[in-house]
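# Per-entry structural report
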Amino acid sequence: MKVDRVKGHLDLVLLGIIDQQPGHGYAVITALRERTDGKLELTEGAVYPALHRLEDLGLLISEWQLTAGRRRRIYRTTTVGQQALRAELRDWRALVSAVDAVLTPRRATAVSL
Amino acid sequence: MSGGDRHGDSVDSPIENYLDELTQLLAAGRPRELRYLLEETEAHLHDAAAAAVAGGMSASEAEQLAVTRLGPPAVLARAELHRQRPPLRQIAYRTAGSAFVLAAVGSVAVGVSGAVAAIIRAAGGAAAVSAPTDSALSAANCSRWLGNDPGASSCKAAATADWAAETIFYRIALGLVGVVALAAFALLRRRTRRVGSLTLPRIVVDTIGATAFAVAAGWTFALGIDAIHVSSGHGWGQWLSATPVALAGAVLFAIRAVDDLRDPADGPLSLRT
């Protein structure tokens with residue numbers, strides 16, 4: 001999938017991944033790649049400003065942890081972030097359903113005279 | 001630590017070069033955000049390179065791949081700095097703060113020009129500071145002016161002396177208001193404990209100050225010369241008393257502005273403090 005299409009839903013994707021498994025930026029990117037089997041492509045550098053913006057909005061919270069001799073900034077969703085994620089998911093599913101309804105060919109209806 | 005065989009310490013390390021470039025690009029950002037992002041980015045790049053090495057890649061290729069996948073440092077820096085942009089409300093506050101400081105400094109300068117005008121009046125008489133009017137003076141006003149200045153030779157002379165005194169008084173009064181305003185601002189800034197957070201970047205304020213004072217110096221000089229030629233030398237002092245003060249203000253602000261440019265650490269161009 002093209003990078004631009006992913007960018008439009010980056011916040012939703014990041015919130016979804018972190019809500020299931022809190023982690024640092026690289027772990028989030030790795031999870032995204034593995035779960036989508038590489039079908040979702042994005043410039044990895046775009047993830048960090050997005051994570052920081054979500055933290056500014058109060059949807060994520062971060063803390064530093066020492067792992068394997070290196071400090072890592074671990075992100076997790078806040079209560080507000082979880083509520084926002086649920087709302088975004090509802091909207092996303094409604095959108096997918098609507099687009100699918102338009103694109104899926106209907107069976108021809110006979111018109112009787 | 002020799003570090004000669006450690007790829008991360010070598011001059012041509014893609015990761016080190018990337019971090020150097022990112023540091024330079026983020027220099028205008030908030031210091032803490034810069035440190036955090038650099039630490040996150042460094043950890044990311046080393047994790048990515050280690051994963052590539054585990055997959056069979058050479059260390060050099062792995063670092064290059066990690067850097068390429070992270071994207072150009074300029075893109076990352078631009079996105080991060082965009083996020084750190086101050087809100088419009090903060091810019092409005094700081095613009096108002098700068099205007100307040102400049103107005104206060106201007107008021108002090110006007111007060112000093114009042115003192116200079118007083119010296120000119122002492123040396124050259126009231127007519128040097130206030131031009132006598134040719135229009136008819138009302139009897140009531142004449143009575144008041146002559147009452148205040150019984151030794152005046154005429155109503156016109158008494159009026160000139162009164163206007164000169166008013167010019168000097170109001171200028172010095174405005175100067176005192178400026179001093180009080182500057183003191184209040186200094187107190188407020190000390191309480192906020194965030195130097196520069198109440199005004200625009202210093203170089204912006206200094207450039208505006210230098211320009212405004214230079215224009216004032218030129219303008220008052222022209223009016224003073226005009227008064228000498230057109231008003232038979234009367235009233236020139238009210239303008240030329242301000243010229244040297246405005247010129248001094250322009251020079252002081254210009255020196256500060258040049259200092260800001262030569263030493264950005266004292267005059268940050270960024271609003272992100």
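Keep in mind the model is a prediction, meaning the values are calculated, not measured.

A few words on the overall build of chain B. Check the secondary structure of chain B and you find ten helices and zero strands. Traced from its N-terminal end to its C-terminal end, chain B shows the element sequence α-α-α-α-α-α-α-α-α-α. Looking at chain B residue by residue over its 273 residues, the buried ones come to 37%. Taking as baseline every contact in chain B between residues at least 6 positions apart, the subset at least 24 positions apart corresponds to 71%. Approximately 15300 Å² of chain B is accessible, and the part contributed by carbon and sulfur atoms is 64%.

Bringing the pairing of strand β1 (residues 60–67) of chain A into the picture now. Residue and element names in this part refer to chain A. Note that β1 and strand β2 (residues 70–77) share eight bridges and pair antiparallel. If you follow glutamate 63 over to β2, its bridge partner there is isoleucine 74. Where β1 hands over to β2, the hairpin turn is made up of two residues, of which alanine 68 adopts a positive phi near 50°.

As a further point, take the pattern of salt bridges. According to the stated counting rule, one finds 16 salt bridges over all chains in the structure shown. One salt-bridge network, in which partners are shared between bridges, spans A:Asp56, B:Arg30, B:Glu33, B:Glu80 and B:Arg83.

Glancing now at the interface of chain B and chain A. Listed per partner, the contact involves 18 residues of chain B and 18 residues of chain A. Carbon and sulfur atoms supply 53% of the area buried between chain B and chain A, which totals about 1800 Å² over both sides. There are five salt bridges connecting chain B and chain A. Salt-bridge contacts for A:Glu44 lead to B:Arg69; the nearest nitrogen and oxygen are separated by 3.5 Å. At the surface where chain B touches chain A, the tally comes to eleven residue pairs in polar contact (both at pLDDT 80 or more). It is helix α2 (residues 31–54) of chain B that contributes the most residues to the side of chain B that touches chain A, eleven residues altogether. By residue class, the composition of the side of chain B that touches chain A is eight nonpolar, three polar and seven charged.

Counting 41 residues, the largest nonpolar core has A:Leu14, A:Leu51 and B:Leu45 as the members making the most contacts within it. Those elements giving two or more residues to this core turn out to be α2 (10–20), α3 (25–35) and α4 (47–56) of chain A together with α1 (14–25), α2, α3 (59–70) and α4 (73–83) of chain B. Residue contacts for A:Leu14: discarding those within four places in its chain leaves A:Val28, A:Val47, A:Ala50, A:Leu51 and A:Leu54. Membership of the second largest hydrophobic core comes to eleven residues, among which are B:Leu102, B:Ala109, B:Val245 and B:Ala250.

Conventions used here
- Throughout this document, residue positions are counted from 1 along each chain, in the order its sequence is written.
- A letter from A marks each chain and a number from 1 marks each ligand, given out in the order of writing.
- Where local features are concerned, this predicted model is filtered to residues with pLDDT of at least 70; where side-chain atom pairs are given and counted, the filter is 80 or more; whole-chain, interface and lining totals use all residues.
- The basis for every side-chain value is the complete set of heavy atoms in the structure, and neither hydrogens nor water enter the calculation.
- In this text, helices come from DSSP runs of H or I with a minimum length of four residues, and strands from runs of E with a minimum of two, each type numbered from the N-terminal end.
- Only protein chains enter the accessibility calculation, which uses a 1.4 Å probe. A residue is then buried if its area is under 20% of the maximum for its type, exposed if over 50%, and partly exposed in between.
- The contact criterion used is simple: two residues touch if any of their non-hydrogen atoms lie within 4.5 Å.
- Accessibility throughout is a Shrake-Rupley quantity obtained with a 1.4 Å probe, and a residue counts as covered only by protein chains that appear here.
- Here the rule is simple: two strands pair whenever DSSP picks up at least two bridges between them.
- Any Lys or Arg side-chain nitrogen found within 4 Å of a carboxyl oxygen on Asp or Glu counts as a salt bridge.
- Two parts placed together each lose some accessible area under a 1.4 Å probe, and the buried area is that loss summed for both.
- Think of a polar contact as two N or O atoms within 3.5 Å of one another; within protein, one of them needs to be a possible hydrogen donor and the other a possible acceptor, and neighboring residues in sequence only count if both atoms come from side chains.
- Note that Gly is not counted as nonpolar here; it falls among the polar residues with everything else outside the nonpolar set of Ala, Val, Leu, Ile, Met, Phe, Trp, Tyr, Cys and Pro and the charged set of Asp, Glu, Lys and Arg.
- To qualify as a nonpolar core, a set must consist of buried Ala, Val, Leu, Ile, Met, Phe, Trp, Tyr and Cys residues joined through side-chain atoms within 4.5 Å.

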